[in-house]
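Structure assessment
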Amino acid sequence: MQQLTAINDLVVRFANVNGTGSASANNMFAMSIFRMGIPVTAKNIFPSNIQGLPTWYEVRVSEKGYLGRREGVDLLVCVNPQSMKQDIASVKSGGYFIYDNTKNLHKDFIREDINYIGIPMIGICMRLYQDARQRQLFKNMIYVGALAALLDIELDVVKGIIADEFKKKPKLIEPNVQAMMEGVKYVQENYDSPLGLRVERRDLVGDSIVIDGNTACGLGAVYAGATVAGWYPITPSTSLVEAFAKYANRLRTDPETGLKKVAIVQAEDELAALGMVLGASWNGARAFTATSGPGVSLMNEFLGLAYFAEIPAVLVDVQRGGPSTGMPTRTQQSDLLLAAYASHGDTKHVLLIPSTPTECFNFMADAFDLAERLQTPVIVMTDLDLGMNDHLTAPLKWDDSRRYDRGKVYTAQDLDALSAMGKQFGRYLDVDGDGIPYRTLPATHPTKGSFFTRGTSHDEYARYTEDGVKNAEVLDRLLKKWDTAKDITPKPEFYQTANQSNIGVVFFGTTTYAALEALDLLKQEEDIVIDAMRATAFPFHESVEQFIEAHDHVFVIEQNRDAQFRTLLINELEINPKKLIKILNYDGMPITAEAIRRQIVGVLATV
Amino acid sequence: MTYIKPKFRHPEMPKNRVGYAKSDYEGVISTLCAGCGHDSISGSIVQACYEMDIEPHRVAKLSGIGCSSKTPNYFLNNSHGFNSVHGRMPSVATGANMANRDLIYLGVSGDGDTASIGMGQFVHAIRRNLNMLYIVMNNGCYGLTKGQDSATADAGSVSKSGSVNPFEGIDLVGMALELGATFVARSFSGDKTQLVPLIKAALSHNGFALIDVLSPCVTFNNNPGSTKSYDYVRDHIEALAQIGYVPEKEEITVSYEEGSTVGVELHDGSVVHLQKLADGWDPRDRQAAMRRLQQAKADGEILTGLVYVNPESKDLHEVIKSDLRPLNSLKEEDLCPGASTLEILNEEFR
């Protein structure tokens, strides 16, 4: 029978039952490969459930450093009888199926074109452990050991990871190592190992780290000096605020008094979460919240107020599958239009779109600067894939000379100086001509600088007005501010120094991994060269329009049904919509390079 | 319509200890209907802040949407104001308070803003014992949309159009007590002698202070048959006690008959004196307050005064153990862990 062979280029999928501790064992497997210097990426494909339903964990190992999802499973570790039939079907011809052979496999589960490797996980556990929970947890370590032997993972590396994992409970290190070694021993005694499909130490990951985007965003908020967070739990954003709380508590608690330089309140709903952010930002603290699409729907009202009353706010939208409650545990980029134009009336919001955890960290820091500089909401658009999955990414960096940009805020001295010049403070006066007025914080001055913040129509002095011309002037000034934003938000990334083709491609966020791989495939296998641009922000920098102008056809790759980013481009830029060809994926799984290549080749065959 | 208030002030106008005349606590001219109860409440707020020697700019005044929520424009012109969205003032006040625990937070809301669209946020602000004064200007109807019944309108109350409200009214005072509010009071816009000391005591309270103020709507709900009309309220009011507020620094100048008063010392050292009208009445007894409230309801009385206070109350900041300094005053040095710490953190992700 054919046996797949490859070194450092494989996909391993684990089929588990959720709530059985498998995630940490699977994570140890992925981290072992990372510590052998080989690029690796992991995707947790989990149910919206706490215990008992099928869950998968997919690890891609790529010597070339491709970190997107790849289609096809080379080796499947089956620990869940519920999904066994579909799991067996998912294995590539010539691939491997690892299962528990404590009992024989029914003949219905036998495929002639794949390789079955039986490991008696339950049998070994029954023999060695008495306690049910122990049998459960150590079973996971047994398959990690079996895999280590089959794929040639260095055992010292695995042992090191176990030691790190149980640093706080050192008593557990030895039993876990023993369980892992039971798996190793069984493979060595019963099979030829390693397989032709295996890993081999390299030096390809440099000083990279492995972190999920939510943790990176949470840390970014700590570094950016956020002191207030109001939030409401929702998958997949929950772990973002939890990470913020964890690191803020760790890094900002006075060891003597136990008092914290942070205030985090779990709100009654997403409306209140953003309300808290606005109240705190209005009062001069850096404040943020994180949510997902359903939360953004609820936050529309406050986003409109923040836009019109010009209050800074930082919001992270970790996008999930929609519409409505949708697929809470699957990924999409389908909140773009919702976020860009959230709330009634003429509103638009600044979006930052990171594509790696490192960029999550950096964009969070930028988001607070931009929100205070522009006095408007800044929405960081990540997604479930970026937020909840571990990614190999450049280490987080902070420049100690960096100062927070607190924006245009008058102090008491400024107000005195202003009145000495015979000028009156006007909260919404465009003093500098960039559309951004000066604000004052409550309690700044006993007699100067107070104003009444309101969502009703107002003049330059924050006074209520029903003069429609005055209101139109405010709306126009907000557009001027919008133009200012175009030049101070992150610039797009171009992957060529000069354009080489009449075809271009635009992508953003987590699509980047697969898009870059697809461009390599197209070039190497189809001899098609395409110029590429990664968008990072909304509103669009002028170079976005220039890029589109410079190409006859531009593919827009995104993970939603309605080509929402394409709509944003058409809506905001003076371009011919016919040029923009949509390349989509919206099945809730991260888009793959193969899917992109297929669609692009298909389109190019017809133009 | 814009009203400009004359800025001329008589130089002899008396000033309080922090050097402000009473007029320094006023706002712009009200655009509410002549005779609106809300304007009287604004007047009581001005009076209380002036008498308490509060520096106006140390107050942050917040509101939602509706007639009541317009009033922060009509008092404390030197305070920052935030007229937020309908029913959402509590969350904005929560965030503002989280950012700076040192200011005085004065929230103004109405019965629609609080008991209908804002009910969710209202109850959670109480639960968190947010340190603020929350005044409900309660007239039982929607004024700005011309007189629809609100959720606090009593069952059987007759509106101006003659329709009878078929639904049970929500009693905010009873509900706040049930939710564990630490300062609960009711008053009447027409009774300044009661309302002013109540506002002062509420501002001294460390935690969430609710004052539900019956404030008749002269235009849409002051007709015969309405239970929130001036006449009806005056006829059915029953004050729990006469109230005297004594700031910490002042000697007690009001003399009460021996044994006839209860003095409750508040967080800042000030004292509320209550002249007992009912036997055995103690505003620190929550269960007694609930019973008394139920009794009044059964008797068709509108109970006013300080219904309940917990002088030991701990506010949100004490509960979540946040820094004693206002968080909005912290700088990079306080907040940013720096590059070297990030190196350690990076290592944890390898």
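Residues numbered from 1 in each chain as written. Chains lettered and ligands numbered in written order. Predicted model: local features only at pLDDT ≥ 70, side-chain atom pairs only at ≥ 80, totals over all residues.

Quick word on the sheet that holds strand β7 (residues 115–118) of chain A
Residues and elements named next belong to chain A. Taken in spatial order, the six strands make up an open sheet running β3-β4-β2-β5-β6-β7, and their pairing is mixed. The outermost strands of the open sheet, each flanked by one partner alone, are β3 (40–45) and β7. Taken over all neighbouring pairs, the strand axes of this sheet differ in orientation by 15° on average, direction set aside. Across four bridges, strand β5 (residues 73–78) lies against strand β6 (residues 91–99) in parallel orientation. Among the inter-strand pairings, Val77 is bridged to a residue of β6, identified as Ile98. (Pairing = 2+ DSSP bridges. Helix = DSSP H or I, 4+ residues; strand = E, 2+ residues; numbered from the N terminus. Axes fitted to C-alpha atoms, helices over the stretch in contact; angles between N-to-C directions.)

Focus: the packing of helix α3 (residues 121–128) of chain A against helix α4 (residues 132–151) of chain A
A pair of packed helices is captured by two measures, namely the crossing angle of their axes and the spacing between those axes. Residues and elements named next belong to chain A. At a minimum axis separation of 9 Å, α3 and α4 run at an interaxial angle of 130°. Overall, the two elements α3 and α4 adopt an arrangement that is oblique. As α3 runs across α4, the sense of the crossing is right-handed. Residues Met121, Ile122, Ile124, Cys125 and Met126 of α3 pack against Arg135, Phe138, Lys139, Ile142 and Tyr143 of α4. Across the contact of α3 with α4, the residue classes break down as eight nonpolar, no polar and two charged. (Parallel < 35°, antiparallel > 145°, perpendicular 65-115°, else oblique. Left-handed = near helix turned anticlockwise from the far one by under 90°. Contact = placed C-beta atoms within 7 Å. Nonpolar A, V, L, I, M, F, W, Y, C, P; charged D, E, K, R; others polar.)

Considering the domain arrangement of chain A
One frequent convention defines the size of an interface as the accessible area lost when the parts assemble. All names here are of chain A. By the assigned domains, chain A splits into domain 1 (6–198), domain 2 (211–393), domain 3 (412–488) and domain 4 (493–604). On the domain 4 side, the residues contacting the 19 residues of domain 2 number 21 residues. Counting only elements with at least two residues in the side of domain 2 that touches domain 4, the list comes to α11 (336–340), β14 (350–352), β15 (377–383) and α13 (384–388). The class makeup of the residues in the side of domain 2 that touches domain 4 is 10 nonpolar, six polar and three charged. (Domains from an automatic or database assignment.)

A short note on the nonpolar core
Considering soluble globular proteins, one finds that nonpolar side chains tend to be buried as a cluster. Within the largest apolar cluster, 279 residues are counted, with the highest numbers of intra-cluster contacts made by A:Ile98, A:Val228, B:Leu210 and B:Val307. A per-element tally of this core places α4(A) first, with 12 residues. (Core = buried A, V, L, I, M, F, W, Y, C linked by C-beta atoms within 7 Å. Buried ≥ 20, exposed ≤ 12 C-beta atoms within 10 Å, placed from the backbone.)

Describing the interface of chain A and chain B
Between chain A and chain B, the residue contacts involve 56 residues of the former and 50 residues of the latter. For the side of chain A that touches chain B, the secondary structure elements donating two or more residues are β9 (209–212), α7 (213–223), β10 (228–231), β11 (263–266), α9 (270–282), α10 (293–309) and β17 (452–454) of chain A. With nine residues, α9(A) is the largest single contributor of residues to the side of chain A that touches chain B. Residues of the side of chain A that touches chain B, tallied by class, amount to 33 nonpolar, 13 polar and 10 charged. The pairing of β17(A) with strand β2 (residues 80–83) of chain B spans three bridges and is parallel. Bridge pairing links A:Phe452 to B:Gly81 in β2(B).

Observations regarding the packing of helix α1 (residues 22–35) of chain A against α4(A)
All names here are of chain A. Where α1 contacts α4, the two axes come as close as 9 Å, and the packing angle between them is 20°. In terms of axis orientation, α1 runs roughly parallel to α4. With respect to the hand of their crossing, α1 and α4 are arranged in right-handed fashion. Touching Ser22, Ala25, Met28 and Phe29 of α1 are Asn140, Met141, Val144 and Leu147, all from α4. Of the residues belonging to the contact of α1 with α4, the class tally is six nonpolar, two polar and no charged.

Re helix α19 (residues 593–604) of chain A
Residues and elements named next belong to chain A. Taking 1.5 Å as the rise per residue, α19 with 12 residues should run 16 Å; its terminal C-alpha atoms sit 16 Å apart, in good agreement. When α19 is considered as a whole, its buried residues turn out to be Ala593, Ala595, Ile596, Arg597 and Ile600. On its buried side, α19 packs onto α16 (511–526), β22 (553–558) and β23 (580–584). (Expected span 1.5 Å × (residues − 1).)

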